[in-house]
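# Structural overview for review
Here's the letter readout for the chains.
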Amino acid sequence: MPSLPWSAIDTVLLDMDGTLLDLHFDNHFWLEHLPRRYAEHHGISREQADAELLPLFRDHAGQLNWYCLDFWTRELKLSVRDLKREVAHLIALRPDADLFLAALRLHDKRAVLITNAHRDSLSLKLERVELEPWFDRLISSHDYGYPKEDPQFWQALQADIGFDPARSLFIDDSLPILRAARQFGVGHLLAVRQPDSRGALKDTEEFAAQDSYRTLIEGL
């Protein structure tokens, strides 16, 4: 991972799931827990549940509905909030993320959390992991009505917090979102090599990858 030109960075924009928090919780919830509970609720087999759910997931991926708990609660006729609480013990920080956030505060870098997570999902995670004190702002894309994949999200963010894209660092585990940020002019971009601690290493394609928050602190 190349060292960052910290003197040229004023604002650090950070994704939450897969970037600061281990993506294992979300992957387990959407791919295992929700399908199992959906099958139980509707009295169908797990295989039938997957056959019904996976096309729905594909149809809405990358859109605001994909991240909206209200949408999925209506669509699946299940309280997705309650189901998330059933596995909330899996919510965890990625290694040394808290050290990185503390270092940003120590060096007077503005830190802004930007997540596609629904506000209810964000609140649940903040109950389990104390992130709020490290950030100047916590922003859900639902506040703006556009997911981070959409150029209009970045325009709304600019209007809201007034950051200089060229002097900003953005870290996210989603390559389409990083490409949207690059298109907007964000000057420093990092992907995440292993967003799910129990998953495989990821090909981050044209983006440099963050492997270790401890390494990232060097040079700050």
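Residues numbered from 1 in each chain as written. Predicted model: local features only at pLDDT ≥ 70, side-chain atom pairs only at ≥ 80, totals over all residues. Heavy atoms only, no water.

### Considering the nonpolar core
- Among the nonpolar cores identified, the biggest contains 50 residues, and Leu14, Leu20, Phe135 and Ile171 are the most heavily contacted of them.
- Here this core gets six residues from one element, more than from any other, and that element is helix H1 (residues 24-42).
- When near neighbours in sequence (up to four residues on either side) are disregarded, Leu20 contacts Leu14, Asp15, Ala92, Leu93, Arg94, Ala97, Leu101, Leu113, Leu131, Phe135 and Tyr213.
- Membership of the second largest hydrophobic core comes to 20 residues, among which are Val112, Phe170, Leu175 and Ile177. (Core = buried A, V, L, I, M, F, W, Y, C linked by side-chain atoms within 4.5 Å. Buried < 20%, exposed > 50% of the residue type's maximum accessible area, 1.4 Å probe, protein only. Helix = DSSP H or I, 4+ residues; strand = E, 2+ residues; numbered from the N terminus. Contact = heavy atoms within 4.5 Å.)

### Quick look at the packing of aromatic side chains
- As enumerated under the stated definition, the model contains 16 aromatic pairs in all.
- Their ring planes at 20° and their centres at 6.5 Å tell us that Phe25 and Phe29 sit as a pair that is stacked. Pair noted here: Phe25 and Phe29 are both in helix H1, with a separation of four residues, about one helical turn. For the pair Phe25 and Phe29, a shared accessibility class is recorded, and that class is buried.
- Site record: aromatic cluster; members linked through ring pairs are Phe25, Phe29, Trp30, Phe57, Trp66, Phe71 and Trp72.
- In this structure, Lys84 is placed above the aromatic ring of Phe29, and the distance from its NZ or CZ to the ring centre is 5.4 Å. (Phe/Tyr/Trp six-rings, centres within 6.5 Å; stacked < 30°, edge-to-face > 60°. Lys NZ or Arg CZ within 6 Å of the ring centre and 35° of its normal.)

### Details of the environment of Phe25
- In this structure Phe25 comes out as buried when scored by relative accessible area, which is 1%.
- Residues Phe25 and Leu216, spaced 191 residues apart in sequence, show a C-alpha to C-alpha distance of 24 Å.
- When near neighbours in sequence (up to four residues on either side) are disregarded, Phe25 contacts Lys84, Val87, Ala88, Leu90, Ile91 and Lys125.

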